[in-house]
Every structure is written in C-alpha cells, then in structure tokens.
Amino acid sequence: MTASAPEKTLAAPPPLAIDEAVLRIAAELAREVHPQGKAPRGVGRETSLERDLGLDSLGRAELVRRLERAGGVTLPEQALGADTLGDLLQVLAAAGVAGSDPTYATQPGTDPASYPLQPPAEAAPDSTRTLIEVLAWHAERHAGRRHISFYPGEGPAEELTYGALAGRARGAAARLIALGVEPGQAVALMLPSGLDYFAAFFAALYAGAVPVPLYPPARRSQIADHLQRQAGILRTAEAVALITFPEVLAVARLLRAQVPGLRRVLTMADLEAPLGRAAAAGDRPLPPVAGGDIAFLQFTSGSTGKPKGVILTHANLLANLRAIGQAVEIGPGDAVVSWLPLYHDMGLIGAWMASLYYGMPLALMSPLTFLARPARWLQAVSRHRGTLSAAPNFAYELCTRKIEDAELAGVDLSSWRFALNGAEPVSPDAIGRFAARFAPYGFRAEAMAPVYGLAECSLALAFPPLGRGPAIDTVRREPLERAGRAIAAPPGEPGVLRFAGCGFPLPGHEVRIVDSAGREAGEREEGRLEFRGPSAASGYFRDAEATRRLRHGDWLDSGDRAYIAGGEIFVTGRVKDIIIRAGRNIYPHELEAAVSEVPGVRKGCVVAFGSPDPATGTERLVVVAESREREAAARERLGEAIQRVTVDLLGEPADDVVVAAPHGVPKTSSGKVRRAACSELYLAGRLGAPGGRGALWWQLVRLAAVAARTQVTRSVRAAGGLLYSGYCWLVFGLVTLPMWAAAALLPGLERRRRLARGTARLLFRLAGIPLRAAGLENLLQAGGPEPRPGPCIVAANHASYLDGLVLTAVLPARFAYVVKRELENHLLSRVLLRRLGALFVERFDLGRAAGETDKTLAALGKGESLAVFPEGTFRRRPGLRPFRMGAFVTAAQAGIPIVPVVIRGTRHVLRGDRPFFRRGAVEVTVCPPLRPQAAGWDAAVVLRAAVRAEILGRCGEPDLGSETAEPG
C-alpha cells in the first residue's frame, strides 16, 4: 500500500454501494487480464475469483491492492485466500472501511525506520553436533536475546527469544512423548509461517522424532485436494503425528483413514496444554540425539510418482551451514530478512537455521505477505538493516514490476550485501532489471548472487565470490544444442544462449561434470553435474531404488546438466527437462520465457516438454500456454503466434501447441511447472482443462467418501493380513517341527545343513515370499574354487528374526553360524543350532567375550566358514547399528576375507516387535570380498569400517552408527 494513497472512495457508503464498487473493480481487473479486454458475465457475490474471473495468486494480489487503494484500508492477508467476491466483501467489512487511513507506512511496527538493534551476534561453536546443541548453546548464554521477529501481517512484529524457543519446544516435546511418539518416528508439520512453526519443529527434535515439513493450504478451495496430495508424503514417511493449525484441523483428521499409523492430528495449543497427572507422573526424559541422527526429511517437490524424502542428518546440516558461513563470511553484524516458506529448504535451512547457528537476528514474514505487497520485503530489509536475504528469480522480477515509488519512501537497501537468487533458473535479464530499478534506493548490483543448491546437498552447493556480482556467460546456440560444447559467442552474435554463473563449490565440497558414459567432461563441455561433500544426503527415506539411482560411487547425481568455465558452474537445465529432438538439446526455460511474452498468454503459465514419438523414435516438442481466450478463432491465432516465436527462437516449429484454460498447467507448491505431470496428462489427452475444485462442502464430501472407502479397504486388507500371517505361522509350524526332529536324528553335519537349507527355501516358497539373491559368485572368490574352498566370514546386516533363515536358504552348507549365547537357554534352539554346528558366543560378559575370538579362530582353522551379524541384535527402528569388533579381529588375525552381505525386505515382512507376517519380497546381495591388510587391531578397525560402509550404501536404511555398540 502506498504512502500517498487517495482518500477513501468507499468510506461509509451504504452496503449496496460497497458491493457495487468492489464488483466493479473486480470486473475491471478481469477485463484487463483478458486478452481481448472482454468483461466477465454476471459478476456477483458468488463469482469465483479463480474459476469465473481466472485470477491466480498474482491476480488476487493485484485485486487486493486495488481494493486497498480505493478504500484507503490495509486488508489482512486472509483476503488472498478468499474464494469468491462475497468472501472479499466480508474481509473488507471486517477491516472497517469507515475508519482512519491506516496505510502501510503508518501501520504500527511497519515504519521503514530501523528496528532496534541488538549486541553483535555470536555463532555457535564448531563443537556443536546437533541443532539441539546449537539452540542450547544460545539459550544458555543469551536466553533473552531476540532470535526472530515475525510479522503476522498487520501490526507490530511478534518476537521470539532463544530462551522462549527452547522452553516452548521442550514442553511440547514432553507432550509428544506422553502421547506415545517414539524416537525415530516421523512427525509431520503442516503449519503456516509463524512462531508456532519453530516451536513445533524443535519439539519433534527434542522428542527424538523426525520432523517432516509439509506446505499448508493457501485457500479454502484447496484444502481437500491439498490434503489428498499430502497423504502420499505422510504414508511414505510413516508419520505417526501431524501438527497443524485450527482452520484445517477437522479436515486433516480425515487423513487418518488414508495414512496407516497416523495416530494424532494436533495443534500447538494441544501440545502446550498442561499435562495431566497420569501423563506427568509417567514423564520420560528427553532422548539423546546424535549428529548422525536424522534432523528432518525434506520431501522434494516432484510432480509425479512416489514422493522422495531426502534424509538430512544433523551432521549434514551443520556441515552445510558452516560451509555457507565461510563462503559468505558471516560476521557479528549480519542480519537475515526472509519471506520464504518454511516448508522449503531455502527458507527453513538458509534463512532460519543459518540465523540460528550464527546468532543472527531473523526478520520473517509469510509468503502471502510478500505476494500481497512485495514492497514489504524491501521495507523489512531497510528497517532491520538486513545484510542477507534470498529469493527465487520470480521474486526479484515481481518487485521490479509491482512496487511503486511511493512504497519505497525512506527505504535504504545499502545494507544488503548478498542477495541470493536460487531455487529456480536465474534470468540474466531479470536480475539486471532489478539492480537498475532499485539502484536509487541503495541496492548495489554486485550484491546480486545467483547460487546453486539442492535438497540432496542439504541446501547449498555453490556460491559466487562476495561482491563480484553476476557472471553472465553468452554461448553459441548451435554447438551447445548439437554437441554440448559451450563456446563463447562474440559480441553481437544473434540467437545466442545466456547463462548466469552460480559460482564455485562451497568449502569441503566437490563438483564434476560427466558425460553419458560416466567420464569426466572437460572445460566448457556440458554434461550431468555430480557432487560430493559432508553436506551430501545418504539417500532417500525408505527408497532403496531411488537411492541407488542417486549415488554413483561416492558421487551423487544432481539431476542437472551444466558446464564448467574457469572453475565456475553454469547450470543449463534439469536432465529430465531437456528435450532431445533430432539429436539436438532444447532448453525449455528459454522457450517458455519467450512464449510468455506473446500477447494473450498468461505470463509464467507456459510449459514446454518432450513427448515420445513412436514414429520417429525421437521426442516431439510440445508447448502448452494458458490463456483466457475462449473463442476458437482467437485461440487458433494465439497458437499461430506461439509457433512464430518458436520458429524465431529455435529455427523450427513445435510439433504441437496447446492453448490451455487458466490453471490448466499443473504446478508444484513453489510455483514451478510440473513437466512430467504435463507430459502424462498430454499423453492421456487431458492436458489443458482447468482444475475446477468445486465448493468446499463438496470437497469435504468427496474427501470423507475417499476416507470411508479407504477405511473399508484397509479393514479388508487388515483381515486378509491376519489370515496371511496365520497361514505363515501354520506353515512354519508344520514344516519346522519335522525338520527339527530330523536334524536331531540325522547323522552327518553336512547332511543336516543341507536339510536346513532346503527347509528354509521351502518355507519361503510356501509362504509366498519371493527370495532373490545376487552376487553369489563372490562367495567363490572369497573362499577359492569348489570343491574345497577356503574359509571366509560372511557379515550381514540384521533387521528381523527372518535374517538367519534367509542366510540359511542362500549360503552354501559349509557355513557355520555365530550366534548369541542366550539362544542356548532354550531347548528347541539349543538342540537345533548345536546340531547345525553353530558357535555360541558371549555378548554381555566382557570377561568371557574377550576369549570368544579363540573359538572362532579354531573353527576357521578347521576349514569352516562363518556367518555373523556384527550388529549383534536388531531394533524395530530402521537403521544400520554399530558393528561389534569380534568378527573383524578374527578375520585380521586369520588373514581371511570378509564378505559383506546385504539383506533387504525382512524388516517389512516380519518386524521385530510384532508377530505378524506381511507380504513382501526379500533381496540378498553378496558383495565382493574385502581382505584385511594386516593382523593387528588397527587393521580390524579399518576392515570393519569398509564392510560397514559397503552394507550401509546398499541396505537403504539410515546410519545409526552413533548409537552405543554392543560389547564384543
């Protein structure tokens, strides 16, 4: 809202006049945005802003601004969530159109004057290992220091100190624990930006749980469909609790029918209510949290398929924050200003966690505040003397186009020393326009910093040098598109490509470019960007296949294409987005930007993608552009104009141009076009239709119906699961008991072992559990050729009681098992294991455990090969636990190899804490043998680390190596 707003034209008129004025302004705006300047029909209180007027988020923001100017009022952010013009009228009435002129510049707490300063910041020490330790360090030394100033919309900022954050979080964590949330379980957060978010996040951490940020619905009309989309993430994360806000609480509770294990849907008020006597009496201490524990799961904003949750540990995050601090030279005088959403890594890690670690004050507003009035971002930078602030490219462009000079009265941007631009492709033209537009207000062009990062590297991977400004590389189009060579273009050459440099890898991190064969590319050769470093995630949560595709040895695949020039990274596009047409690479972002400028096309609502063409074996180029045109002739003319732009840019036309209705192009929560979803809809013939959602009551009816159907389906599946589990136990009983009797009586150790092997295979076959094994030839490499191979030790991960049976079914009969001595206390297991030649070892009596190595060495000396579970035990919580040293000391002393074996699927089929079988497959991977390099303790330690790393990289479970290892 400008400081020079006109006098109220809506002040104190009769209600009907207010209605007429609002409807008139809305109709005028709708007429302006329509390509033919046509007025919408029948504008009234029931008119839908989205369906009838075609106003997207930016269109709503413009309507709110015009209403404010006309009425001399500042409307709350809830106006952006209105579904109809009637909803807007109610918001306007609640704001009071007859009052004084509360323009933005005169609102309490929003004056561009500087905010009260604090003493210089203090960064947490390098010795801190977790976010909890970081917060504790600040809370102990300066509990009353202001950590966050949050602007809820109108009025003064709400403040949160370090001490208050720690206190609120610990209290809420106690309630989570009292409600049964256990360490390692996922707790989802679907909260808008606000102080509750930070308390909820740390409450989950204090409880030992894993926070899962979700984005909240922006409008009532989206609530039901929005929650349906989030159900996939909740199922993948296996969330046991969801912390949300009161407005969506009732609807969110319907998700429990669709998400197995989601036991609680809560608000922060629920978590901060006093504990009852029973709960308080049963208080448990807060669990310990280690650097290797998962700090949170960052689900990528993918368009289709199974959601992928990036595993980020405390160690990953702190490594990234420390590298950022080095690159940006964060110091005591720095301050952060942000409007970025907290469900996105750029806002959560870059703005909040960085300010937390370095003790920088954080001025925060919600994304809706920025969208409604972009000037507030720049005003906040001025008021708080912000030095660091980040945003995607579109935000800088929005400021350039929407902020009026009157809104910048008194604004001083000279403190802004690093304006990070990331999360989406950077437009060289957009950043140039921003720098020129705001130079009169103190913004320095050299402060603009295109950066590069991704969730799989926690947040940041590459930053440009401080104070240099953007580096724009202009390259010749044909060599890059045809051969992947980024040849610098001479000045004035037409039809070039321009890319903004993203700088150099952060300290401790490495980047390389590889070609299609996996060979490292040379200078200015385009290829796939790979990276490694301490910030790199271990993989995707409970998604071994996606993790396998991510990792290429110790390098991780970014999914981006890029080239390096002079050591600097220039990203050219996403691998999956590049369109390969007749051997030529087409970069969709450039074409989309050009088509967006065609009159009649909705800016930013264009998508270009490749679609398989069976006739030619190549990809067809498809361009989809949203428009408000309805007449067939006008849409045809628009398609022709789009083709002309395509030919001018690429030298050839698109294979198909689709003119879609508003909101026909699917987008992610962060506003990016969903190319994969567009391609699927195109192939299905459903691309281009607007996404009408219907009234909220109808959405709720549909959501309740889905919940009921899901509940019935789940009940049927549960009954089927019980029957299946009962069948498995019956099979195991009927088959195992005769086998036990035969093993007790049958002469010959090898015969008994062959009998056990055949029985184990039969059990898996009768139970319908596919058992697949790969790499069995590595057992021969380890022990030498048949018929008399030498001894070796198999070391396998341990996740279920089925693991021993799995190894029995897979391994040759020459293997003896090293088992815990407790199994000797039970008659059935004692007789069977002794008859199979198992070695019983002590785990807990350290005096006896120290001598167990002699027992295993003696068995190896007789030519026996051994199978061990070096974790010693397993827990319900997924993850690879620390390895005991016994097997590795034995291998080093005997000079024999250890064969790492990875078992996957048994934790799903039979969990350790429940006697229920579930349908699923089991996979066994026998890895190449690893040989000790010497005979001493140090060699055993090295061997253990190598074996554990091999298993960890393949098992698809998180690293629990920081837990206390079993003795021995």
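Quick note: structure is the one above.
All values derive from a computational prediction rather than experimental measurement.

(A) Highlighting the overall build of the protein chain. Across its full length, the protein chain holds 31 helices and 35 strands. The 968 residues of the protein chain split such that 55% are buried. A separation of at least 24 residues holds for 73% of the contacts in the protein chain among residues at least 6 apart in sequence. Carbon and sulfur atoms make up 56% of the accessible area of the protein chain, which totals about 39,200 Å².

(B) Seen up close, the nonpolar core. Phe-202, Trp-352 and Trp-377 are the most contacted members of the largest nonpolar core, which totals 160 residues. Considering each element in turn, this core owes the most residues, eleven residues, to helix 6 (residues 195-206). By size, the runner-up hydrophobic cluster in this structure holds 37 residues, among which are Ala-760, Phe-764, Leu-811 and Val-924.

(C) Main features of a positive patch on the surface. Residues Arg-253, Arg-256, Arg-263 and Arg-264 make up a contiguous surface patch of positive charge. Tracing the backbone shows Arg-264 in strand 6 (residues 264-266).

(D) A look at a nonpolar patch on the surface. On the surface, Tyr-727, Leu-762 and Leu-766 cluster together into a nonpolar patch covering about 240 Å² of accessible area. With respect to the helices, strands and loops of the structure, Tyr-727 is situated in helix 22 (residues 696-745).

(E) Just the packing of helix 4 (residues 131-142) against helix 6, in detail. In the contact formed by helix 4 and helix 6, the axes pass within 10 Å of each other and the chain directions differ by 115°. Relative to helix 6, the crossing made by helix 4 is left-handed. Contacts between helix 4 and helix 6 pair Leu-131, Ile-132 and Leu-135 from the former with Phe-201, Phe-202, Leu-205 and Tyr-206 from the latter. A per-class count over the contact of helix 4 with helix 6 returns seven nonpolar, no polar and no charged.

(F) Representation of helix 15 (residues 393-402) within the structure. Helix 15 sits mainly inside the fold: seven of its ten residues count as buried. By the burial criterion, the buried members of helix 15 are Asn-393, Ala-395, Tyr-396, Glu-397, Leu-398, Cys-399 and Thr-400.

(G) Representation of the sheet that holds strand 18 (residues 504-505) in the model. With antiparallel pairing, the three strands of this open sheet are ordered in space as 14-15-18. Looking at strand neighbours, the two that pair on one side only are strand 14 (452-453) and strand 18, the edges of this open sheet.

(H) Structural context of the pattern of salt bridges. The tally for this structure, following the rule as stated, stands at 32 salt bridges. In this structure, Arg-519 engages Asp-515 in a salt bridge whose closest nitrogen and oxygen atoms are separated by 3.5 Å. Shared partners join several salt bridges into a network, and the residues in it are Arg-168, Asp-196 and Glu-272.

(I) Region of interest: the side chain of Arg-175. On the secondary structure map, Arg-175 appears in helix 5 (residues 162-178). Although Arg-175 is buried, it makes no salt bridge; Asp-270 carries the closest opposite charge, 6.7 Å away. Polar side-chain contacts of Arg-175 include one of 3.1 Å to the backbone oxygen of Ala-273.

(J) View of the sheet that holds strand 5 (residues 239-243). Within the open sheet, the four strands sit side by side as 4-3-5-6. Their pairing is parallel. Across the chains shown, the open sheet's two edge strands, defined by having one partner strand only, are strand 4 (210-213) and strand 6. Geometrically, the sheet is characterised by an average inter-axis angle of 25° between neighbouring strands, direction not taken into account. Across four bridges, the pairing between strand 3 (residues 186-189) and strand 5 is parallel. Each residue of the ladder has a partner; that of Val-187, found in strand 5, is Ala-241.

Reading the values: the criteria
Residues numbered from 1 in each chain as written. Predicted model: local features only at pLDDT ≥ 70, side-chain atom pairs only at ≥ 80, totals over all residues. Heavy atoms only, no water. Helix = DSSP H or I, 4+ residues; strand = E, 2+ residues; numbered from the N terminus. Buried < 20%, exposed > 50% of the residue type's maximum accessible area, 1.4 Å probe, protein only. Contact = heavy atoms within 4.5 Å. Areas by Shrake-Rupley, 256 points an atom, 1.4 Å probe, with all protein chains shown as cover. Core = buried A, V, L, I, M, F, W, Y, C linked by side-chain atoms within 4.5 Å. Patch = residues over 30% accessible without salt bridge, like charges linked within 9 Å, V, L, I, M, F, W, Y side chains within 5 Å. Salt bridge = Lys/Arg side-chain N within 4 Å of Asp/Glu carboxyl O. Lys, Arg positive; Asp, Glu negative; His and termini not counted. Charge placed at Lys NZ, Arg CZ, Asp CG, Glu CD. Axes fitted to C-alpha atoms, helices over the stretch in contact; angles between N-to-C directions. Left-handed = near helix turned anticlockwise from the far one by under 90°. Nonpolar A, V, L, I, M, F, W, Y, C, P; charged D, E, K, R; others polar. Pairing = 2+ DSSP bridges. Polar contact = N/O pair within 3.5 Å; in protein donor to acceptor, adjacent residues only side chain to side chain.

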